[in-house]
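# An overview of the molecular structure
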Number of protein chains: 2
Amino acid sequence: MKKAPISSSNGHETAASPTLEDVARTAGVSTATVSRCLNNPSVVSDKTRKRVLDAVKSLGYAPNFGAQALAAKRTRTFGAIVPTMENAIFARGLQAFQEELQRCGITLLVSSSSYSPELEEEQIRGLVARGADALLLIGFDRSPQIYEFLEKQQVPYVIAWVYDPDQPMLSIGFDNRRAMQSLVTQVLELGHRSVALITAERNGNDRAQQRYEGLLNAMKAHGLDPKTLHVIETTYSITNGAEALKTLMQSDQKPTAVICGNDVLAAGAMVQARKMGLKVPDDLSITGFDDIEIAEIVTPTLTTVHVPHRKMGKGAAQMLVALRNGQNPDQSIELEAVTILRESLGPVPKSET
Amino acid sequence: MKKAPISSSNGHETAASPTLEDVARTAGVSTATVSRCLNNPSVVSDKTRKRVLDAVKSLGYAPNFGAQALAAKRTRTFGAIVPTMENAIFARGLQAFQEELQRCGITLLVSSSSYSPELEEEQIRGLVARGADALLLIGFDRSPQIYEFLEKQQVPYVIAWVYDPDQPMLSIGFDNRRAMQSLVTQVLELGHRSVALITAERNGNDRAQQRYEGLLNAMKAHGLDPKTLHVIETTYSITNGAEALKTLMQSDQKPTAVICGNDVLAAGAMVQARKMGLKVPDDLSITGFDDIEIAEIVTPTLTTVHVPHRKMGKGAAQMLVALRNGQNPDQSIELEAVTILRESLGPVPKSET
DNA sequence: TTGTATGCGTTATCAC
DNA sequence: GTGATAACGCATACAA
């Protein structure tokens, strides 16, 4: 049996947050009624509701999240873990994701894993532990234990930025392999035969790996030997892109076209090319991937693959909301990623033909 | 009195997460001991600790966040609300902020307010409600109610990206006014007399407002009439920057130098200038503010004000951790923001002198 | 429509 | 060192 509260409105006004009970007392109703007013207003009479809401406002009441989560076993919170927030690759998609969630009254928590599988795992567990009702993840590539963990914890999740009907997990994205293959095909059709790739580390990054494979496919289709492809793996950053281009242009077999795994690396390559006095695309063609803002800022503008960031974000949100509501949604969704031709891609230099 | 548990290890193995009690049972100890093992290991004997930890691992136990927050009254979680995540303005600072927090075992939750005061207020309340132990905010400019709310809830907070010793709140940042004044002074000393400003909406954005004031100060100091300043207010984006430059160059009094409130607007202006066949800086000088990555990507490279993003992020984290630990830290911290001279700023065109 | 009573999973204060 | 046990603030099944 509950003991009488020690002293509900005792002398010293502590600054502690008001609780449901405080509201109930000043409104002259039970805590249950207050709770209902807030969570299921339609079931309580207009008169008492008004009284309660007034009390809520006058006390500045705000529900205690921990208590709420503990009692209701859900948090109205979704989590997202992206590899990075430092550049704009995921920013636009995330923004769209959040906008959609907000319309559904859901709060978004974002973490960035810095492309570290260990960190990502930690953050997934962290978000689940703090009650995320659902999760957005990037790419399929992670340890089976994590997937088991998510299944065990019954936390719905969606994988974005990739699409693969053969994978059992629900995903929304595009075919990175095909998109890159299509881009490179256009490069080769311009006569380029000496091609190089600057990419993120492919280990643990299926987007990068698939883009690489798409490039190989295009080469093979044009009768080029994949072994002739010069690949540089590095972390996404302007500086690293620049560094990589420098290395490439100092090698024996100088490429006439440099394919970059994303726009950030491509931008770095462009900066470096200019620094080395190379005219793009007259001396050298450069392509990117993602079509983020810098693609139109660099000089010359960057030929790249347009990724449907906003569609992915919004779509992912809708899938997760459906899952959270117990609806077992359709299937994975494939979006299109198309090549955007801009200035940085041109025919192979005459001197090379 | 607690009734005997209905049936602790009943027939159907539910997939529900194991609780402290489960761990206690399989380890043959009390829940109190398990809790101690996890939170204050030194106080429990080696033998039992080992037994408990084994049980934890074998069950895959993870503490319930809600319960923990409810009982311990703290969440080891800090919140940050930034105006935007779509461009890189706050990304680097936020990254540093997070890195420092992580070293202290604290999780960071990030929200973006899209420069909307109402949204920001909602998100502040949201983060507090979900138990954020401390908050990072950008700029002083917000309604008194929010500050009252934070005081009432006893949630420590630090304001970043601005510095003003006259403000009562703890802050870490730089003097936006002075930084802009210094930049513009250098512009004027190159002979420019016809200057224009492309800025974010200043209402509710003290950084933008102060940068504007700094610009005015510099003009006055050089005997220029502030009324001659052509100001265009727009939202931060490449496109808007381009749009604004177009408007400016079609006006009667064409500027010879365009000061931009940040690098994103400046990049847009640069793109537009090129499109209009204007040579930067020969025909027109353009400056930015922030020194984010694109400043070095645009052609020509952008003269701008370097903002100490990482220092601010790390410093803010340290201040908040101190506050959370009950230490009443020093004072607000002022950092330097210095002008970085690059290619986009040149002397006033000869035709104008 | 409203109130009562219980449980959610931890932490922390006691005793032992 | 360890084990009971009382909060913590809310949601909800059940009663009224």
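Worth saying up front: this structure is predicted, and the values here are computed from it rather than measured. Sequence positions are assigned chain by chain, starting from 1 and proceeding in written order. The order in which chains are written sets their letters, starting at A; the order in which ligands are written sets their numbers, starting at 1. Residue-level local features of this predicted model are given only where pLDDT is at least 70; pairs of side-chain atoms are given and counted only at 80 or more, and the full residue set underlies all totals for whole chains, interfaces and linings. Hydrogen atoms and water are omitted, and side-chain values are computed over all heavy atoms in the structure.

## Points about the overall build of chain A
Strands are runs of DSSP state E lasting at least 2 residues, helices are runs of H or I lasting at least 4, and numbering of each runs from the N terminus. Helices and strands together make up the secondary structure of chain A, namely 13 helices and twelve strands. Using C-alpha atoms as the atom set, the radius of gyration is obtained and then compared with a globule rule of 2.2 Å times the number of residues to the power 0.38. Relative to the compact-globule value of 20 Å for 353 residues, chain A shows a C-alpha radius of gyration of 27 Å, a clear excess of over 25%. With the principal axes as the frame, chain A shows a C-alpha extent of 90 × 40 × 35 Å. Across chain A, contacts joining residues at least 24 apart in sequence account for 69% of those joining residues at least 6 apart. Here, residues are in contact when the closest pair of their heavy atoms is within 4.5 Å.

## With respect to the UniProt feature "domain: HTH lacI-type" (unreviewed entry) in chain A
If you check UniProt for "domain: HTH lacI-type" (unreviewed entry), the listed places come out as residues 18-72 of chain A in our numbering. Secondary structure within residues 18-72 of chain A divides into 71% helix and 0% strand; the distance between the first and last C-alpha atoms comes to 20 Å. UniProt positions are given in the numbering used here, feature names are shortened, and annotations may be inferred rather than shown by experiment.

## Regarding the nonpolar core
Definition of nonpolar core: a set of buried residues of the types Ala, Val, Leu, Ile, Met, Phe, Trp, Tyr and Cys, connected through side-chain atoms within 4.5 Å. Here the term buried applies to any residue with accessible area under 20% of the maximum for its type, exposed to any over 50%, and partly exposed to those in between, with areas from a 1.4 Å probe on protein chains only. Counting residues in each nonpolar core, the largest one holds 161 residues, and the members touching the most others are Phe97(A), Ile286(A), Phe97(B), Leu215(B) and Ile286(B). Setting aside chain neighbours within four positions, we find Leu215(B) in contact with Met180(B), Val184(B), Val195(B), Leu197(B), Leu229(B) and Ile259(B). One finds Ala132(B), Leu135(B), Leu150(B) and Val155(B) within the second-largest nonpolar core, a separate group that totals 36 residues.

## Details of the sheet that holds strand S4 (residues 157-160) of chain B
Residue and element names in this part refer to chain B. With respect to topology, six strands assemble into an open sheet ordered S2-S1-S3-S4-S5-S11, the strand pairing being parallel. Edge positions in the sheet fall to strand S2 (107-112) and strand S11 (333-334), since each of these pairs with one other strand and no more. Note on pairing: two strands pair once DSSP finds at least 2 bridges between them. Sheet analysis places strand S5 (residues 171-173) next to S11, joined by two bridges and oriented parallel. By the bridge assignment for S11, Gly173 is matched with Glu334. In this analysis, axes come from line fits to C-alpha atoms, helices being fitted only over the stretch in contact, and the angle between any two N-to-C directions falls in the range 0 to 180 degrees. In the packing of helix H5 (residues 91-103) onto the sheet, contacts are made with strand S1 (77-82), S2 and strand S3 (134-138), and the angle to S2 comes to roughly 155°.

## Digging into the side chain of Asp290(A)
Residue and element names in this part refer to chain A. Tracing the backbone shows Asp290 in the loop between strand S9 (285-287) and helix H12 (294-297). Residue classification places Asp290 among the buried residues on the basis of a relative accessible area of 2%. Leaving out residues up to four positions away in the same chain, Asp290 has contacts with Ile89, Arg211, Asn262, Asp263, Thr304, Val305, His306, Val307 and His309.

## So, the domain arrangement of chain A
All names here are of chain A. Just so you know, the domain bounds were taken from an automatic or database domain assignment. Under the domain assignment used here, chain A contains domain 1 (5-63), domain 2 (76-174 + 308-336) and domain 3 (176-307 + 339-352). Computed over C-alpha atoms, the centres of domain 2 and domain 3 are 29 Å apart. Each side of the interface is counted separately: domain 2 has 18 residues, and domain 3 has 17 residues. Accessible area that two parts lose when put together, with a 1.4 Å probe and added across both, is what the buried area reports. Summed over both partners, the interface of domain 2 with domain 3 buries about 1500 Å², with 53% contributed by carbon and sulfur atoms.

## Side note on the protein's contact with DNA strand D
The criterion for a residue being near a molecule or strand is simple. One of its heavy atoms has to lie within 4 Å of it. Among the 24 residues in the neighbourhood of DNA strand D, the closest are listed as Leu20(A), Ser35(A), Tyr61(A), Thr33(B) and Arg36(B). Backbone atoms, meaning sugar plus phosphate, form 65% of the atoms of DNA strand D positioned within 4 Å of the protein. Whenever two N or O atoms come within 3.5 Å, that pair is a polar contact, provided that in protein one can donate a hydrogen and the other can accept it, and provided that, for residues adjacent in sequence, both atoms are side-chain atoms. At 3.1 Å from a phosphate oxygen of DNA strand D is found a side-chain nitrogen or oxygen belonging to Gln68(A). Here a phosphate oxygen of DNA strand D sits 3.0 Å away from a polar atom, N or O, in the side chain of Thr48(B). Looking at the surface near DNA strand D, the elements that each hand over two or more residues are helix H2 (31-39) and helix H4 (65-72) of chain A together with helix H2 (31-39) and helix H4 (65-72) of chain B.

## Looking at the relation of the copies chain B and chain A
Here the copies are matched by least squares. The fit uses the C-alpha atoms of residues with pLDDT of at least 70 in both. Between chain B and chain A, which share one sequence, the superposing operator has a rotation angle of 179° and an axial displacement of 0.1 Å; the RMSD is 0.2 Å. One copy is carried onto the other by what is essentially a two-fold rotation axis. Relative to the rotation axis, the closest C-alpha in chain B is found at Gly66(B), a distance of 2.0 Å. Both copies share a contact surface, since 98% of the interface residues of chain B are interface residues in chain A too.

## Remarks on the interface of chain B and chain A
Counting from both sides, the interface comprises 47 residues of chain B and, opposite them, 48 residues of chain A. Approximately 4100 Å² of surface area, both sides summed, lies buried where chain B meets chain A, with 51% of it carried by carbon and sulfur atoms. It is Glu86(B), Arg130(B) and Ile297(B) that lose the most area in chain B upon contact with chain A, and together they represent 17% of the buried surface on that side. The salt bridge criterion pairs a side-chain nitrogen of Lys or Arg with a carboxyl oxygen of Asp or Glu, the two atoms within 4 Å. For the pair chain B and chain A, the number of links is two salt bridges. The closest approach of N and O atoms between Glu343(B) and Arg274(A), which form a salt bridge, is 3.9 Å. There are one residue pair in polar contact (both at pLDDT 80 or more) connecting chain B and chain A. Of all the secondary structure elements, the ones that give two or more residues to the side of chain B that touches chain A are H4, H5, S2, helix H6 (117-129), helix H11 (263-275) and helix H12 (294-297) of chain B. Counting residues per element, the side of chain B that touches chain A draws most heavily on H5(B), at six residues.

## Considering helix H3 (residues 46-59) of chain B
Residues and elements named next belong to chain B. What a helix should span is 1.5 Å times the count of its residues minus one. For H3, spanning 14 residues, the distance from its first C-alpha to its last is 20 Å, which sits close to the expected 20 Å at 1.5 Å a residue. Among all positions of H3, only Thr48, Val52, Ala55 and Val56 are buried. Angular distribution of buried residues about the axis of H3 spans 100°; they occupy a single face of the element. In H3, those exposed residues whose orientation departs by more than 90 degrees from the buried face are Asp46, Lys47, Lys50, Lys57 and Ser58. Where H3 is buried, its residues meet helix H1 (20-27) and H2. This arc describes the spread of directions from the helix axis toward the C-beta atoms.

## Considering the protein's contact with DNA strand C
Inspection of the region around DNA strand C gives 25 residues, with Thr33(A), Arg36(A), Leu20(B), Ser35(B) and Tyr61(B) positioned closest. Backbone atoms, meaning sugar plus phosphate, form 66% of the atoms of DNA strand C positioned within 4 Å of the protein. In this structure, Leu20(B) approaches DNA strand C through a main-chain N or O atom, which is 2.5 Å from a phosphate oxygen. For DNA strand C, a phosphate oxygen lies 2.7 Å from a polar atom in the side chain of Ser35(B). Mapped onto the surface near DNA strand C, the elements with two or more residues apiece are H2 and H4 of chain A together with H2 and H4 of chain B. In terms of residues, the surface near DNA strand C owes the most to one element, H4(B), which gives four residues. In the scheme used here, Gly and all other residues not listed as nonpolar or charged are polar, with Ala, Val, Leu, Ile, Met, Phe, Trp, Tyr, Cys and Pro taken as nonpolar and Asp, Glu, Lys and Arg as charged. Tallied by class, residues from the surface near DNA strand C come to 14 nonpolar, nine polar and two charged.

## With respect to the confidence of the model for chain A
The pLDDT value expresses, per residue, how confident the predictor is, ranging between 0 and 100. Overall, the prediction assigns chain A a mean pLDDT of 90, with 95% of residues at 70 or greater. Every residue in residues 1-14 of chain A scores below 50 in pLDDT, and together they form two contacts with partners more than four places removed in sequence or on other chains.

## What about the packing of H2(B) against H3(B)?
Residues and elements named next belong to chain B. The interhelical angle for the contact between H2 and H3, taken along N-to-C directions, is 90°, at an axis separation of 10 Å. Comparing their axes, H3 and H2 come out roughly perpendicular. Residues Val34, Cys37 and Leu38 of H2 pack against Arg49, Val52, Leu53 and Val56 of H3. Of the residues assigned to the contact of H2 with H3, the class counts are six nonpolar, no polar and one charged. What sets the label is the angle itself: under 35 degrees gives roughly parallel, over 145 gives roughly antiparallel, 65 to 115 gives roughly perpendicular, and the rest give oblique.

## So, the packing of helix H10 (residues 238-250) of chain A against helix H11 (residues 263-275) of chain A
Residues and elements named next belong to chain A. It is the contact of H10 with H11, at a shortest axis distance of 6 Å, that shows an interaxial angle of 55°. Taken together, the axes of H10 and H11 lie oblique to each other. Between H10 and H11 lies a crossing of right-handed hand. Here Ile238, Asn240, Gly241, Ala242, Leu245 and Lys246 of H10 lie close against H11, whose contacting residues are Val264, Leu265, Ala267, Gly268, Ala269, Gln272 and Ala273. Of the residues in the contact of H10 with H11, the class split is eight nonpolar, four polar and one charged. Put simply, a crossing is left-handed when the front helix is turned counterclockwise from the back one by less than a right angle, and right-handed when it is turned clockwise.

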